Amino acid sequence: MTAAGVLYHPATVVALAMLCGWGMYALGRALAPASRVVGGKLKTYACGEHVEADAFPTAYHLYHAAFIFTLLDVVALVIGTVPKSAITWLAGAYIAVGLVAIVILFKD
């Protein structure tokens, strides 16, 4: 294997990226000033208001809409990039499976 083949191997690229990330983290930690304990440093900031950490309600009512949008986006991307030499019924089957998935999501 050539040197370029070893250098561009995915495992080598990931290892080099992790090493560079660790190096930047270590450099930032070395350059940062020492932290001090300050009264409200770890409190949640909400524009000057006192907010309890567990008082924020979680809402997942838009999860289905986001999931349907993602599904439609992926189907449009796959169908839009199908080459002309591809089998036509296969693209139609992909659209049908996407529509079935959307119907199942709307039933919930």
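Below: a short report on this structure. (Residues numbered from 1 in each chain as written. Predicted model: local features only at pLDDT ≥ 70, side-chain atom pairs only at ≥ 80, totals over all residues. Heavy atoms only, no water.)

Right, let's talk about the overall build of the protein for a bit. Helix and strand content of the protein: 4 helices and 0 strands. Start at the N end of the protein and walk to the C end: the helices and strands fall as α-α-α-α. Taking all 108 residues of the protein together, 6% fall into the buried category. (Helix = DSSP H or I, 4+ residues; strand = E, 2+ residues; numbered from the N terminus. Buried < 20%, exposed > 50% of the residue type's maximum accessible area, 1.4 Å probe, protein only.)

The next thing to look at is the packing of aromatic side chains. Enumeration according to the criterion identifies 1 aromatic pair in this entry. Seen from their ring centres, Tyr63 and Phe67 are 6.1 Å apart, and the 20° between their planes marks the pair as stacked. In this pair, Tyr63 and Phe67 both sit in helix α3 (residues 63–80), 4 residues apart, roughly one turn of the helix. Relative accessible area serves as the criterion here: at 52%, Tyr63 is assigned to the exposed category. (Phe/Tyr/Trp six-rings, centres within 6.5 Å; stacked < 30°, edge-to-face > 60°.)

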